[in-house]
Amino acid sequence: MSTLITNIAELMTQDAEHRVLRDAAVVIEGERISWLGPAAGAPAADEAVDAGGRALLPGWVDSHTHLIFAGDRTAEFEARMAGQSYSAGGIAVTTGATRSTSDYDLTRLAMGRVAEAVAQGTTYLETKTGYGLDLENEARSARIASTVADEVTYLGAHLVPAGVDAEEYTEMVCGPMLAAVRPYVRWADVFCEQGAFNEDQSRRVLLACKAAGLGLRVHGNQLGEGPGVRLAVEVGAASVDHVNYLSAADVDALAATWSGWDPNGGSGGSGIRGTVATCLPACDLSTRQPLAPGRDLLDAGVQIALASNCNPGTSYTSSMAFCVTTAVLQMRLSVHEAVRAATYGGALALGRESGNDVDGERAVGSIAVGHRADLHLLNAPSATHLAYRPGIPLTHAVWRAGVAQAVR
């Protein structure tokens, strides 16, 4: 079955050439993109969709969420808005509610959050464990996450539970808990931050998870300058997320990981990806932290991603459009840069930016022949309207792996 989407006013590919096509068309065959180019030259297809002069983007790639949870932290949010500073301790409130919720209800809640994200244009999504914080409940969270998300990250090292010795807990995270979650996860993460895990504990967790064959991520430099970025670079993490407080040395270290990188692996370049800096602007606003320095990172040559950090305590939103809008209006990114960070950047952070008909693992986050047909049609003639009309729901249609999705 093939579908032709035609009469596209602006097609923002986010491919290696950063192409923006006008009066364009795209053909979907099964789950893949089989053709794109000028609408006048489009081939025939089994069915046609008239985009009506709207803009077409890759679907959002949300590379950082925490969707496996129950409970409510409204009181904490109200206190923070009244002036109380954020600390990592609020995670314990969610842990209690999550542990006491059934598998069925945890799955139902997570599926609802995914559906909400997809209806707003998110077509590829990562989520983490981290609200179980004991062996049984972390394994349960990983299993449930594997049924609702595209990518699953083990975050047993989210917080040391109250009354538990930090060293003993770290050993469990590196040993029995890791073994229990391993069948369900592709990534591991650690909250390397004051009030959570120190540098030595974080390194032990990351190296144990790397030895188990997991890709690495780091929560780092959210509440102040610290070892998170340095550690992420040291262990070759795919991303370091939050990055609110960066020294010049941190920025230089991240930039060095991308030195000579060529996304096409061309002559004189390297196909080895560095460490993506993932900015979480919705969280920054909710916690009243300084916005991550996305402009400075881009100017230094660092690849960045934007993600929602959807979670009950500090960023209860799945709106990637809100993150893009904030990045343009307050982080000084251009519209094209912000959209790229929320699509290709997220794919890069998840190691899914490449792949085609040859290798069988289709790329996401960009529109190119052979890539997965993850598409987001805006009810606007250009992506600029995401920032030009902040807060207006602009999602008109969504295709996820070539299948049209419900849009509210």
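Each value, and the rule that gives it
- Residues numbered from 1 in each chain as written.
- Predicted model: local features only at pLDDT ≥ 70, side-chain atom pairs only at ≥ 80, totals over all residues.
- Heavy atoms only, no water.
- Pairing = 2+ DSSP bridges.
- Helix = DSSP H or I, 4+ residues; strand = E, 2+ residues; numbered from the N terminus.
- Phe/Tyr/Trp six-rings, centres within 6.5 Å; stacked < 30°, edge-to-face > 60°.
- Disulfide = S-S within 2.5 Å.
- Buried < 20%, exposed > 50% of the residue type's maximum accessible area, 1.4 Å probe, protein only.
- Expected span 1.5 Å × (residues − 1).
- Contact = heavy atoms within 4.5 Å.
- 1 Å grid on protein atoms, 1.4 Å probe; cavity = no way out; pocket = protein on both sides within 12 Å on 5 of 7 lines; lining within 4 Å.
- Points joined across faces, edges and corners; volume = space filled by probe spheres on them.
- Nonpolar A, V, L, I, M, F, W, Y, C, P; charged D, E, K, R; others polar.

Caption draft 1: Layout of the sheet that holds strand β2 (residues 20-29). Across the sheet, seven strands lie side by side as β3-β2-β1-β4-β13-β14-β15; this open sheet has mixed pairing. Pairing within the sheet leaves two strands with one partner each, and these edge strands are β3 (32-38) and β15 (403-404). The pairing of strand β1 (residues 2-12) with strand β4 (residues 47-58) spans seven bridges and is parallel. Across the sheet, the residue bridging to T6 is D50, located in β4.

Caption draft 2: Expanded view of the packing of aromatic side chains. Evaluated as defined, the whole model comprises four aromatic pairs. Their ring planes at 70° and their centres at 5.6 Å tell us that F69 and Y316 sit as a pair that is edge-to-face. Placement of the pair is F69 in the loop between β5 (60-62) and α1 (74-81) and Y316 in the loop between β12 (304-306) and α12 (320-330), with a sequence separation of 247 residues. Residues Y169 and F197 carry aromatic rings whose centres are separated by 6.3 Å and whose planes lie at 35° to one another, so their mutual orientation is tilted.

Caption draft 3: Quick look at the state of the cysteines. Inspection of the entire model under this criterion finds zero disulfides. Counting only cysteine sulfurs, C209 is the nearest neighbor of C174, a cysteine outside any disulfide, at a range of 6.6 Å. Lacking any disulfide linkage, C283 is separated from the closest cysteine sulfur, that of C323, by 9.8 Å. Residue class for C283 comes out buried when judged on its relative accessible area of 0%.

Caption draft 4: Representation of helix α4 (residues 135-148). For α4, built from 14 residues, the straight-helix expectation of 20 Å at 1.5 Å per residue is met to within 8% by its first-to-last C-alpha distance of 21 Å. Along α4, the residues that are buried comprise N137, E138, A139, R140, S141, A142, I144, A145 and V148. Those residues of α4 that are buried lie in contact with α2 (91-99), α3 (103-118), β6 (122-128), β7 (151-157) and α6 (176-181).

Caption draft 5: Structural detail: empty space enclosed by the protein. Applying the stated rule across the entire model yields one cavity of 30 Å³ or more. Lining the largest cavity are 14 residues, and of these Y86, I91, H158, N311 and T314 lie nearest its centre. A breakdown of the residues in the lining of the largest cavity according to their chemical character gives four nonpolar, nine polar and one charged.

Caption draft 6: Molecular detail of unusual backbone geometry. A positive phi angle, close to 55°, is found at N221, a residue other than glycine. Mapping N221 onto the fold places it in the loop between β9 (215-220) and α8 (228-235). Phi is positive for V243, which is not a glycine, with a value near 45°. By the secondary structure assignment, V243 is in the loop between β10 (239-242) and α9 (248-256). Classification of V243 as buried rests on a relative accessible area of 0%.

Caption draft 7: Spotlight on α12. The complete set of buried residues in α12 reads M320, C323, V324, T325, T326, A327 and V328. Tucked inside the fold, the buried residues of α12 contact β5, β6, α10 (281-287), β12, α13 (335-342) and α15 (385-388).

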